[in-house]
Amino acid sequence: MKNKSIFLLAGIATLYFNNTYAQETPQDSTRTASIDQVVITGNSNPKKKIESSTAISTFSAKEIQKQNPISAAALLQRVPGFAVETSGGEVGNNLFARGIPSAGAYEFVQVQEDGLPVFEDGALQFANADNFFRVDNSVSRLEALRGGSGSIFATNSPGGLINFITKEGGNDFKGTAKLETSTYGLMRTDVNVGGALVQDKLFFNVGGFYRTDDGIRKTGFKANQGGQIRMNLKYVFDKGYAKVYYKKLDDRNTFYLPIPLVQNGNDLKEFAGFDANYGTYSYRNISQLNIPQAGGGFFSRNLEDGIHPKVDVLGAEFKYDLGGNFSVLNKTRYTNINMNYTGIFPSGGPTSAADFAKSYGITGNNFQYSSVSSGAVMSPTFVQKLGFWAIDKQMNNFVNDLQFSYKFDKGNVTAGFYKSNWKSHQNWNWSNILATASDNPELLNLVDTSLAPNSTGYSKTYNGVTEMSFLLRDSQVQGSLNDLYANLDYNITDQLSFNGGIRYSRDFYKGYGVNTTSGNLNNSGLTTDGTHSFLTTTADDNMSVLGNKFTYWNYDVNRVSFTTALNYKINSENAVYARFSNGFRSPNEEAYYNNMTNLSAIKPVTTNQLEVGYKYYSRTFDIAVIPFYSTLKNLSFTDVFSDGTSENKFANTTNFGVELEGYARLFNNLLEVTFNGTIQNPKYKDFVGNNADGTTFNYDDNTVRRMPKFYFNIAPAVNITKQWRAYASVNYYGKRFQDEKNAQTLPSFSEVGAGTSYQLGKIRFAVDGTNIFNTIGITEGDPRAGSPSGDGTIMARPIMGAAVRASITLDF
């Protein structure tokens, strides 16, 4: 009887939904029909998506709104071919395109806003591209291109282009306002308005957000606080348009780094005293640093500032019809960035109290730990050494992209000149501190009780600091890029089209590094506690001191990139294409620094990619299947370890994979399903050499580190009525290896989200949940710890714990 009742209810529901929906699209549908979409990224002119011989994913403002990503990285998880690590917080995350390994950041893709880079190099040290842009309601759409023509239309982008296109005003005044809160103290307001100042001529758009929250991981302070504003004016005339725009970003975000976990094969458990889903070492009790310097004065830092960029962007865009089917387009932008970066970087894993004391020369049980804040003697089971890393960066970038286009009966040709000047000057000041190995860490002092308080080396700390300013760095990199490019689109027949492009890069890089020496405070006249001199502590024994010796370097790049493709449009809904592309990526900032005195050791990373694809787009169903094969040469590995040294190895890689992307609207619009997935097999080739200690290694044919062979996202949604919608999403991230020698396994995991929304006229109510089952899923181990060993207590960076956000959006 019970089963019959279920079948009866199901039948009634089916009849109800069929009658309710008929053939109409629900108001809260997330999808714009791909068959109608036009793309501009990686193309010389706007082109229908089905006619573009590229692997490109698109997201409209409405789709982004429905997904409500917690960060830009979370949104990019929906793009096949992009393996994204989202565990760093709102910013500072990593993206790997088509299995290309790197130390992190956005090293082989270029992140753009309106077709120009957010910053010319998106993988400078501690300056991931996502530090400098935010997704808010002023974004009109996202276009994400993998491989293909990326190297023709941008620099250092063999992995692809990520282009966030901002909204512009129209004749009708329109706007949106959003208020959002959460289970972790979030209060966020987004506003965007646009319209006409002069009908059909002069248009404006202004948008931005302000946000404050405590962070999903419990820091004890405001983890994220700040916002941005964007504005643009566009004047349209008979033969073109002129646009000017400005962006201001002033936002600080806590950066989350590895925490201790216990691993047994694929099984992960919490380390005693540490909440894997909500705990962090970045905590209020250890947030302040104030230490004297060997060269005089004091260095002060506040962890609560986190990653704090102040970004000012001023740009302009001009397009003009020259007549005779010729047109000119010029884009120009100036970006200025001042960023303070402060983070807690674990130096290895938790250590027993006795073993840590022994490592600092204290024998037997002659050690005593005490609380810095209260002075009370403590007996911690485990202690943790933590790097208190402070980096300041001053960056600027002036870029101009001038292109001429000519249209003819069978297609068009575009030629352009791209000029970019950029500079990055950075200062580092790193110290190590000692704390309890817990998610509410307390700062510790350590003394040798076998010695008297006035004895040399009695204390191993200075107010909880074990190594005071042990690493200072002052360095600068400048780039002057001069690139010529051309692109041809030619319709061989009504169905068959050809695309070919070439880019010549004549780029010049230069910089310097300041040499350092060692010093201490023994003869400074300062005391550790008002009584004892710095002879009584070892914390200052190896302080870094900047000298007056500079090492200058210059490096030139002289390369050609090219691509060629064919696209065959079978009919209005089906198309196939094939593309070959050759591109490169200039050496990264750390590679320059490591090899200042021997630049012959580094070379640009060269790539070859072959891809074929099948696309089917209709009003209710999309599918794209894109197999690809890629090879890379001269790939550099430049992880900075916790002691300040860097890995300095070079490898070749190969990768064969398939990208899948699909969408379906089923049962008269009752059910919508979006899907993307990647299957790949990235391998090292010819990866042999010597380690820093003189031992040899051979990683040939090992799996590329941190790269899953399989990952996907699937997001079904049920349109319960035309106004009421519910959805779920599953992100699956396959097993990976943390290191090149494939010793440390990072287990696979699935992250499940869910939510619902209701559209009441022009007001939308929504609730969105992330990681609702509190999965412990690690995206990376600890790349700063050197070679990991496998099971046991490990250091890793897990995804955030379960959280719920609620929002109200008004469209007007």
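Placed above this text is the structure.
Residues numbered from 1 in each chain as written. Predicted model: local features only at pLDDT ≥ 70, side-chain atom pairs only at ≥ 80, totals over all residues. Heavy atoms only, no water.

S.K.: Residues and numbers for the packing of aromatic side chains, please.
M.R.: For the coordinates displayed, the defined rule picks out 46 aromatic pairs. Between Y235 and F237, the aromatic rings sit 6.2 Å apart at their centres with planes inclined by 35 degrees, giving tilted as the arrangement. Y235 gets classed as partly exposed once you look at its relative accessible area, which sits at 39%. These aromatic residues form a ring-pair network of at least three members: F126, F255, Y341, F345, W389, W428 and W430. R188 extends its terminal NZ or CZ atom over the ring of F209, reaching a point 4.0 Å from the ring centre. Positioned over the ring face of W428 is R473, at 3.8 Å from the centre of the ring. (Phe/Tyr/Trp six-rings, centres within 6.5 Å; stacked < 30°, edge-to-face > 60°. Buried < 20%, exposed > 50% of the residue type's maximum accessible area, 1.4 Å probe, protein only. Lys NZ or Arg CZ within 6 Å of the ring centre and 35° of its normal.)

S.K.: Give me the lowdown on the sheet that holds strand β24 (residues 367-371), citing residues and values where you can.
M.R.: Ordered by their spatial adjacency, three strands build an open sheet running β25-β24-β28, and the pairing between neighbours is antiparallel. Each edge of the sheet is formed by a strand with only one pairing partner; in this case those strands are β25 (377-378) and β28 (444-448). Pairing geometry for β24 and β28, over five bridges, is antiparallel. Note that in β28 the partner of S371 across the bridge is L444. (Pairing = 2+ DSSP bridges. Helix = DSSP H or I, 4+ residues; strand = E, 2+ residues; numbered from the N terminus.)

S.K.: A description of unusual backbone geometry should follow, citing residues and the corresponding values.
M.R.: Even without a glycine there, the phi angle at D200 is positive, about 65 degrees. If you trace the backbone, D200 turns up in the loop between β13 (187-198) and β14 (202-213). Even without being a glycine, D701 presents a positive backbone phi close to 75 degrees. If you trace the backbone, D701 turns up in the loop between β39 (696-698) and β40 (710-719). Taking relative accessible area as the criterion, D701 reaches 40% and is therefore assigned partly exposed.

S.K.: Before we move on, could you go through the layout of surface pockets and cite the residues and values that matter?
M.R.: The calculated volume of the second largest pocket comes to roughly 730 Å³. Contributing to the lining of the second largest pocket are 30 residues, with I40, Y241, E317, L329 and K331 lying nearest its centre. Those elements that place two or more of their residues in the lining of the second largest pocket are β11 (160-166), β16 (240-253), β21 (307-323), β22 (326-346) and β26 (382-408). (1 Å grid on protein atoms, 1.4 Å probe; cavity = no way out; pocket = protein on both sides within 12 Å on 5 of 7 lines; lining within 4 Å. Points joined across faces, edges and corners; volume = space filled by probe spheres on them.)

S.K.: Go over a nonpolar patch on the surface, please, and point to the residues and values.
M.R.: Together, F173, W724, Y758, L760, I763, F765, I808, L810 and F812 give the surface a local cluster of nonpolar side chains, amounting to about 820 Å² of exposed area. Mapped onto the fold, W724 is located in strand β41 (residues 724-733). (Patch = residues over 30% accessible without salt bridge, like charges linked within 9 Å, V, L, I, M, F, W, Y side chains within 5 Å. Areas by Shrake-Rupley, 256 points an atom, 1.4 Å probe, with all protein chains shown as cover. Salt bridge = Lys/Arg side-chain N within 4 Å of Asp/Glu carboxyl O.)

S.K.: Before we move on, can you summarise empty space enclosed by the protein with the specific residues and values?
M.R.: Applying the stated criterion across every chain, the model contains 13 cavities of 30 Å³ or more. A volume near 470 Å³ is recorded for the largest cavity. For the largest cavity, the lining is made up of 27 residues, of which A103, G104, F126, N128 and R784 are closest to its centre. Elements with a contribution of two residues or more to the lining of the largest cavity: β8 (123-124), β22 and α6 (589-594). Looking at the lining of the largest cavity residue by residue, the classes come out as twelve nonpolar, seven polar and eight charged. (Nonpolar A, V, L, I, M, F, W, Y, C, P; charged D, E, K, R; others polar.)

S.K.: Tell me what's going on with the pairing of β40, and back it up with residues and numbers.
M.R.: Of the two faces of β40, only the one carrying Y711, N713, A715, A717 and N719 is buried; F710, F712, I714, P716 and V718 on the other face are not. Alignment of strand β36 (residues 671-680) against β40, held across nine bridges, turns out to be antiparallel. Paired with L671 across the bridge in β40 is V718. The turn linking β40 back onto β41 is made up of four residues.

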